[in-house]
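Descriptive structure summary
Each chain, letter by letter, is given below.
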Amino acid sequence: MISLKGRRNTEFAILPCGSVASNTGVAVTLATLEVVRSGKAAALSFPALVHEVRRQIKLAEEFKHIIVVDGCKNECARKLAEYLGLIYEAYLNLADLGIKKLGPFSSAECSDEDVKLVKKVLLDIIEEIE
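What comes next is a walk through the structure. These numbers come from a predicted model, not from an experiment.

Rules of the game
- Residues numbered from 1 in each chain as written.
- Predicted model: local features only at pLDDT ≥ 70, side-chain atom pairs only at ≥ 80, totals over all residues.
- Heavy atoms only, no water.
- Axes fitted to C-alpha atoms, helices over the stretch in contact; angles between N-to-C directions.
- Helix = DSSP H or I, 4+ residues; strand = E, 2+ residues; numbered from the N terminus.
- Parallel < 35°, antiparallel > 145°, perpendicular 65-115°, else oblique.
- Left-handed = near helix turned anticlockwise from the far one by under 90°.
- Contact = heavy atoms within 4.5 Å.
- Nonpolar A, V, L, I, M, F, W, Y, C, P; charged D, E, K, R; others polar.
- 1 Å grid on protein atoms, 1.4 Å probe; cavity = no way out; pocket = protein on both sides within 12 Å on 5 of 7 lines; lining within 4 Å.
- Points joined across faces, edges and corners; volume = space filled by probe spheres on them.

Right, let's talk about the packing of helix H1 (residues 23-37) against helix H5 (residues 112-129) for a bit. Orientation of H1 relative to H5, taken along the N-to-C sense of each, is 50°, at an axis distance of 8 Å. The angle between the axes of H1 and H5 places the two elements in the oblique class. Once H1 is placed against H5, the crossing between them reads as right-handed. Contact with H1, carried on its side by Ala27, Leu30, Ala31, Thr32, Glu34 and Val35, involves Asp114, Val115, Val118, Lys119, Leu122, Leu123 and Ile126 of H5 and no other residues of that element. For the contact of H1 with H5, a count of residues per class yields nine nonpolar, one polar and three charged.

Dropping the structure here:
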C-alpha cells in the first residue's frame, strides 16, 4: 500500500481525464475528488504523466489497482495509460453511462446528478475489486 500524506493508505488510484473544459470532464474531476476525499483512492496527475515525469510514473506503477476514467469518446486517459504501459484494472467512460458531452466550454453545464452518478460508479468499482 502507498502511504499518502494526511490520508489513509490505499491500493487504489484513479487516472481521470481531468479536463475542466467540458461538462463531462468536470464531472470526472469532481467525482474523482469526492472519492479521494472519502479515502478510498488517490488521484494520479494527468499533466505530470503526460509530461512523463518519472517520479509520477513510478508512483502510478506502485498502485495495485488503477481505474481509468474518461469523460468522452476521445478517451484521453485510456490512451495515456496505454502509452505509458500502465496496467489498469477498470475503465469507465461517461458516454457508457449515458452522460453526453455538451462540447467545449460547457463546464458550467455539469450537473450534480452526473457527479453523484460517476462517484457512485467509481465507489461500486472499488467495492467490487475489494
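Past the structure itself, the notes keep going.
The next subject is the layout of surface pockets. Considering only enclosed or pocket space, the second largest pocket measures out at about 150 Å³ in volume. Taken together, 13 residues line the second largest pocket, and the ones lying closest to its centre are Cys17, Ser19, Cys72, Cys76 and Lys101. A class-by-class count of the residues in the lining of the second largest pocket yields five nonpolar, six polar and two charged.

Read these as geometric descriptors, not functional statements.
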